[in-house]
Amino acid sequence: MNTDIIDVRKTYDYLRKCQTHLVQSSEIATACVCQNLFKLDYPFGATRSDKDYLVANTVHDIMSICMSGPILENWHSGLENYEKVTKKIVMESSEIVNTIIKDTLDIARRENRFVEDTFELQVNDIYNGLIMGMTRRLMKKHERPSRVLTEVTITNIKDHHEGRIDAILEYSNGYGLLDWKSYDLSNTISGREKWQLIANTLLANFRYRRNEDDWTGHNFSCIIHNSGVYFPKTETTRKEVERIKANRKFAHMVLCGERVRVQRPKFCPVCDKGLEGSKECLFYQRDARLAYEGKLPAQYEKMTKQFFAKRYAILKERAETHLHKHVVYSLICKHGEEEALRRLEKIGILCRGFSFDFDIDEKVIFSRADDNIPLEPRRIVRIIGMEEGKSILSCINEQASVMEVRNNKITLSFRSKIAVRRAKRQLFHLPIILLRDELNLTRSMLRPIHQFHKLAADVLIPAELLV
Ligand code: SF4
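(A) Expanded view of the overall build of the chain. Secondary structure assignment for the chain yields 14 helices and 12 strands. Here the C-alpha radius of gyration of the chain, 24 Å, is about what a compact globule of 467 residues would show, namely 23 Å. Its C-alpha atoms give the chain principal-axis dimensions of roughly 65 × 65 × 45 Å. Per-residue burial for the chain yields a buried fraction of 38% across its 467 residues. Taking contacts inside the chain between residues at least 6 apart in sequence as the whole, the part at least 24 apart equals 74%.

Below, the structure written as structure tokens:
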């Protein structure tokens, strides 16, 4: 067999035995709030909320399209009459807003989801609030960027970190990072929001300087919310970086199944506010105490051991969803980018040379010169637009699944029509690479185990111990 192919296969075999976990910025932020809270999600699978984020997701979709359209077109720095510009942007966005609301409602009805009567009103209110915040504070302080990218997933394998950034503003001398929140933060900005913003800034440093600790390209980071903009002070950002790195390491070790001591926060933000998470936390704290005191019924103890074995097997699957990216990184470190891509192409892990043909709803058709496309229907792929000077895993990208491969054409199904619209604006004009990828279903797989665990406790632990 060709040595190039053997080399790629050996890399896969080696990495399959290693831990290929990545920690998401939102998970790092949770671990910073309380490490115990992170463990409730992984490995316990106790999701804290059943909330439907339809309104927030719709606003994100709208912002992701409007940023490089009406917002960028009407950007005036040092603006005094911000109300007039807000009105103009809102008016010029109405076609985009209405189309996205209609598409979202169509999907929600198809999926039989509950939609509040005030949905449309809420989306419009929040969008107008975000635009007001931007014109009043952001545009006043910062110049019009030369380019805007939205919903950018960046993967930094070396530091086990991944995240999706709402928007990046590009300037000739660096970048600005934006995060939208669909709720009002005027009274207080919580730790979680601040930490997620800074964790994402580390990823942006990596995208622009290939080093998360190189701040020379960083102009600003901010959270845009319903009533304004929050800019963390430079000292705050720098001060929190060490905490973020420590908690990223903690989260990574938990995912890898290593034993790590949890540090509870001095002030428990969930217990003290009486929010949903606390009862799950108390449940597992009681479980651990009873186990330590040797009071758990034998049958229950046996079941919990099985639950944990299953949970860690699921976490292993989560690590495997990142395997292809780890292989790409490892081969690039070994051979350099061009040679690594050539070897991966040879074995069919990635394909190059595609150009965009046309799209219909969520479907996009690409073609290339030859008909040797090594992808099968139902495969998940990452469509990467190769940007000059950026490492492949920090270039602009979207995820889709393969629907059909015929001759020299491939049909991909994107997550939504909005994802297609966004990709058409910022991705399809670049040289396209299709990289094999996987779906991450960890949360939905862990959750039933958590529910069984609680059910088993109700049935098998004597009532006098359940206090
Ligand atoms: S209840 Fe308090 S200690 Fe427990 S997970 Fe939540 S924040 Fe952490």
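Next comes the rest of the description.
(B) Layout of the pairing of strand β4 (residues 174–180). Summarising burial for β4: 6 of the 7 residues are buried, a large majority. Connecting strand β3 (residues 161–171) to the next strand, β4, in antiparallel fashion are 2 residues.

(C) Representation of the packing of helix α4 (residues 54–73) against helix α5 (residues 82–110) in the model. Closest axis-to-axis distance for the α4/α5 pair is 9 Å, and the angle between their directions is 145°. Here α4 runs over α5; the crossing is right-handed. Touching L54, T58, D61, I62, I65, C66, G69, P70 and I71 of α4 are I89, E92, S93, I96, V97, I100, I101, T104 and A108, all from α5. Here the residues of the contact of α4 with α5 sort into 12 nonpolar, 4 polar and 2 charged.

(D) Up close: the domain arrangement of the chain. Looking at the chain, the domain boundaries give domain 1 (54–247) and domain 2 (323–437). Between the C-alpha centres of domain 1 and domain 2 there is a distance of 26 Å. At the junction of the two partners, domain 1 supplies 17 residues and domain 2 supplies 15 residues. Listing elements by their share of the side of domain 1 that touches domain 2, those giving two or more residues are α4, α5, β2 (147–156) and α7 (191–209). Among the elements that line the side of domain 1 that touches domain 2, the one with the most residues is β2, at 7 residues. The class makeup of the residues in the side of domain 1 that touches domain 2 is 7 nonpolar, 5 polar and 5 charged.

(E) The nonpolar core, seen in detail. In terms of nonpolar packing, the biggest core is built from 102 residues, with I28, I168, I224, V328 and L434 touching the most fellow members. Counting contributing residues per domain, this core is built from domain 1 (54–247) and domain 2 (323–437), each supplying no fewer than three. Apart from the residues lying within four places of it in its own chain, the contact partners of L434 are L350, C351, F354, L375, V381 and I383.

(F) Geometry of unusual backbone geometry. Residue P43 is bonded to the preceding Y42 through a cis peptide linkage, with omega at 10°. At N112, a residue that is not glycine, the phi angle is positive and equals roughly 60°. The phi angle at E151 is positive, at roughly 50°, despite the residue not being glycine. Relative to the helices and strands, E151 is located in strand β2.

(G) Highlighting helix α6 (residues 119–141). Between its first and last C-alpha atoms α6 spans 32 Å; for 23 residues at 1.5 Å apiece the expected length is 33 Å, and the two agree. The principal kink in α6, of about 35°, is found at M134. Taken together, the buried positions of α6 are occupied by V123, I126, Y127, G129, L130, I131, M132, G133, M134, T135, L138 and M139.

(H) Just the pairing of strand β12 (residues 432–437), in detail. Judged by how many residues are buried, β12 sits mostly within the fold: 6 of 6 residues are covered. What you see with β12 is no split at all: I432, L434 and R436 on one side and I433, L435 and D437 on the other are buried throughout. With 4 bridges connecting them, strand β7 (residues 350–360) and β12 associate as antiparallel partners. Looking at β12, one finds that C351 is bridged to L434. Across 6 bridges, the pairing between strand β9 (residues 380–385) and β12 is antiparallel. Across the sheet, I383 pairs through a bridge with L434, a residue of β12.

(I) α5, seen in detail. With 29 residues, α5 extends 40 Å between its outermost C-alpha atoms, agreeing within 8% with the 42 Å of an ideal straight helix rising 1.5 Å per residue. In the structure, α5 departs most strongly from a straight axis at S94, where the bend amounts to approximately 50°. Those residues of α5 that are buried are in contact with α4, α6 and α13 (417–426). After α5 finishes, the residue N112 shows a positive phi value of roughly 60°.

(J) How the structure looks around the sheet that holds β12. Reading around the barrel, the 6 strands line up as β7-β8-β11-β10-β9-β12 and close back on themselves, with antiparallel pairing between neighbours. Neighbouring strand axes in the sheet, compared pairwise and without regard to direction, differ in orientation by 50° on average. Examined bridge by bridge, β7 and strand β8 (residues 363–367) share 5 bridges and lie antiparallel to one another. What sits directly across from D359, in β8, is V364. In this fold α13 packs onto β7, β8, β10 (397–406) and β11 (409–414), with an angle of close to 120° to the strand it touches most, β11.

(K) The packing of helix α11 (residues 323–335) against helix α12 (residues 337–346), seen in detail. The geometry of α11 relative to α12 is characterised by a closest axis approach of 7 Å and an angle of 130° between their N-to-C directions. The angle between the axes of α11 and α12 places the two elements in the oblique class. When you trace α11 past α12, the crossing you get is right-handed. In contact with V328, L331, I332 and H335 of α11, α12 contributes E337, E339, A340, R343 and L344. A class-by-class count of the residues in the contact of α11 with α12 yields 5 nonpolar, 1 polar and 3 charged.

Rules of the game
- Counting restarts for each chain, with residues numbered from 1 along the sequence as it is written.
- For a predicted model such as this one, the threshold for reporting local features is a pLDDT of at least 70, and the threshold for listing and counting side-chain atom pairs is 80 or more; totals across whole chains, interfaces and linings nevertheless cover every residue.
- Numbering of helices and strands starts at the N terminus; helices are DSSP runs of H or I of at least 4 residues and strands are runs of E of at least 2.
- Here the globule rule is a power law, 2.2 Å times the number of residues to the power 0.38, and the radius of gyration is based on C-alpha atoms.
- Our exposure labels follow a C-beta count within 10 Å of each residue's own C-beta, placed from the backbone: buried means 20 or more other C-beta atoms, exposed means 12 or fewer, and partly exposed covers the counts in between.
- Placing a C-beta atom from the backbone of each residue, one calls two residues in contact when those atoms lie within 7 Å.
- The pairing criterion for strands is at least two bridges between them, as found by DSSP.
- Here, axes are lines fitted to C-alpha atoms. For helices the fit covers the stretch in contact, and angles between N-to-C directions go from 0 to 180 degrees.
- What makes a crossing left-handed is the near helix being turned counterclockwise from the far one by less than a right angle; a clockwise turn instead makes it right-handed.
- In the scheme used here, Gly and all other residues not listed as nonpolar or charged are polar, with Ala, Val, Leu, Ile, Met, Phe, Trp, Tyr, Cys and Pro taken as nonpolar and Asp, Glu, Lys and Arg as charged.
- The domain limits used here are those given by an automatic or database domain assignment.
- In this usage, the nonpolar core is the set of buried Ala, Val, Leu, Ile, Met, Phe, Trp, Tyr and Cys residues whose C-beta atoms join them within 7 Å.
- Here, expected helix span is obtained from the residue count minus one, scaled by 1.5 Å.
- The angle between axes fitted to the seven residues ending at a residue and the seven residues starting there is what we call the bend at that residue.
- Angle categories are assigned with fixed cut-offs, so that under 35 degrees is roughly parallel, over 145 is roughly antiparallel, 65 to 115 is roughly perpendicular, and the rest are oblique.

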